[in-house]
Amino acid sequence: MNKDTALALRTPLTDEVLAELKIGDKVKLSGVVYTARDAAHRRLAELLNKNQIAQLPFDPQGQVIYYVGPTPAKPGQIIGSAGPTTSFRMDAYTPQLLAAGLKATIGKGARSPEVLAAMKKYRAVYLVAVGGAGALLSQCIKKAEVIAYDDLGPEAIRKLEVVDLPLTVANDIQGNDLYQEGIKKYAIA
Amino acid sequence: MRELKTETIISAVKKMCIEANCVIGEGVTAALEKALTTEESPQGKEILQQILENNRLAKKNMQPTCQDTGTAVIFITLGQEVHITGGDLIEAINEGVRQGYTEGYLRKSIVADPIKRKNTGDNTPATIYLDLVAGDKFQLQILPKGGGSENMSALKMLKPSEGIEGAKKFVIETVKKAGANPCPPIVVGVGIGGTFEGAALLSKKAHLRKLGARNPDPFYAKLEEELLEEINKLGIGPQGLGGRVTALAVHINQGPAHITALPVAVNINCHADRYKVVVL
């Protein structure tokens, strides 16, 4: 990560800040992010489907969800290894979270056309971290606390406080996709 | 008859689970370093550097390189002249996995039922394969297999008339469709032949080979080279964000098949290519 060229971002995210981001931009994210994976998303979606927004474990307005299920912390550690999981498994639930005010998701791998359209519609971005770099990424996590669904173990919702989490903008609010562009650039016919 | 105690097996499995997840093999590191010299995308180079740095840090701290510490896939090679004492062999393997994943602070990623999805809490049961051989050898091989790459794997029953071209096409299609999801640069395990489940097992066993070692049959060795070249033309690159290095290696295992059948299985592994072997 080239620290000199990375943009420093702080959560919660605003439309003004997100409007500046373009695919391929390097970002150093600081502030609170919430973890959620498949099982937690299913529960969040159930609440949203019943219009019980007040019962969500956190208010999604301006917030960021990190798709991660960390390893358990060793004694003295804040959190175990904590890299991104594959995002497309959460695609079915993402548009309704974006509609509820979520401003960014963090994961790895390309999103569905429905999620791309929802990001454009609700002015949200998709940020990617390096998959399989969980030991390195865990060093950016300064605080971790389970705030909901403890019974889900690694899939519980955690409130993390991160400092300079190294990310790349994969989808911006204009609807551009770094995965498509990147592959197009390097594919040999 | 050589006697082997289950307690020896338990402690070996426990250690293997931890080491395979925290210490990346030298062959993998060498392949990633080589990829760094051939990758043209600046973004791709940066990702490869981050992966190498992550792996160094994980080894130093004896911490898993990745939060997905996988399904414990374990291959037992059991000489028929070995007598296991002190308990049940399969239970000993599971006990080793239980201890390794619990005491090693690895993630417990196994649900007891695919639909009801309740976590078993200790990463058991392991996925265990047993090969019975002559003599008194006892060997354990572990592949902690991550979900991201496993989910992008595929199998197809081709018609024999589709031949080598059909097999190549299916492998390329599978890798292309997988894109960024299996954490490229990937290692592609291919099983050609056998039965339906046999092809899948051949493709999984392809990951037991030392990274980049060629198939002993020159025909398949050449096919491995050709497929690697084709895959690296796809442009997927490190983490799927575009680049020259999509795969580090292609390993093919072939097997006898029915006169009607040409099964092809593609088992994708992530850049960590985690593996550990112990002979007891």
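This text follows the structure it describes.
Reading guide: rules and limits
- Residues numbered from 1 in each chain as written.
- Chains lettered and ligands numbered in written order.
- Predicted model: local features only at pLDDT ≥ 70, side-chain atom pairs only at ≥ 80, totals over all residues.
- Heavy atoms only, no water.
- Contact = heavy atoms within 4.5 Å.
- Buried area = accessible area lost by both parts, 1.4 Å probe.
- Salt bridge = Lys/Arg side-chain N within 4 Å of Asp/Glu carboxyl O.
- Polar contact = N/O pair within 3.5 Å; in protein donor to acceptor, adjacent residues only side chain to side chain.
- Helix = DSSP H or I, 4+ residues; strand = E, 2+ residues; numbered from the N terminus.
- Nonpolar A, V, L, I, M, F, W, Y, C, P; charged D, E, K, R; others polar.
- Buried < 20%, exposed > 50% of the residue type's maximum accessible area, 1.4 Å probe, protein only.
- Pairing = 2+ DSSP bridges.
- Axes fitted to C-alpha atoms, helices over the stretch in contact; angles between N-to-C directions.

K.L.:
Which parts of the structure should I look at to understand the interface of chain B and chain A?
P.N.:
The figure often quoted for interface size is the accessible area lost as the parts come together. Residue-level contacts link 42 residues of chain B with 47 residues of chain A. Taking both sides of the interface into account, the surface hidden between chain B and chain A amounts to around 3400 Å²; carbon and sulfur atoms contribute 56%. For the chain B face of the interface with chain A, the top three residues by lost area are B:Gln50, B:Gln67 and B:Tyr105, together amounting to 20%. For B:Glu46, the salt bridge goes to A:Lys26, with nearest N and O atoms at 3.3 Å. Inspection of the chain B/chain A interface yields 20 residue pairs in polar contact (both at pLDDT 80 or more). By residue number, the principal contributor to the side of chain B that touches chain A is helix H3 (residues 42-61) of chain B, which donates eleven residues. Here the side of chain B that touches chain A is built from residues that sort into 16 nonpolar, 19 polar and seven charged.

K.L.:
Can you walk me through the pattern of salt bridges in this structure?
P.N.:
As a working rule, side chains carrying opposite charge can pair if their charged atoms are close by. Residue and element names in this part refer to chain A. The tally for this structure, following the rule as stated, stands at 29 salt bridges over all chains. Residue Arg-37 pairs with Asp-38 through a salt bridge whose shortest N-O separation is 3.7 Å. With a relative accessible area of 21%, Asp-38 lands in the partly exposed category. A cluster of three or more residues bridged by salt bridges with shared partners is formed by Arg-37, Asp-38, Arg-89 and Glu-155.

K.L.:
Explain the sheet that holds strand S9 (residues 262-269) of chain B here, please?
P.N.:
Note: strands within a sheet are paired through backbone hydrogen bonds, in either parallel or antiparallel orientation. Residue and element names in this part refer to chain B. With mixed pairing, the four strands of this open sheet are ordered in space as S6-S9-S7-S8. Edge positions in the sheet fall to strand S6 (154-158) and strand S8 (247-255), since each of these pairs with one other strand and no more. In this sheet, adjacent strand axes meet at a mean angle of 15 degrees when their direction is disregarded. In this structure, strand S7 (residues 186-193) lies alongside S8, joined through eight bridges in parallel fashion. Looking at the pairing, Gly-193 lines up with Gly-255 of S8.

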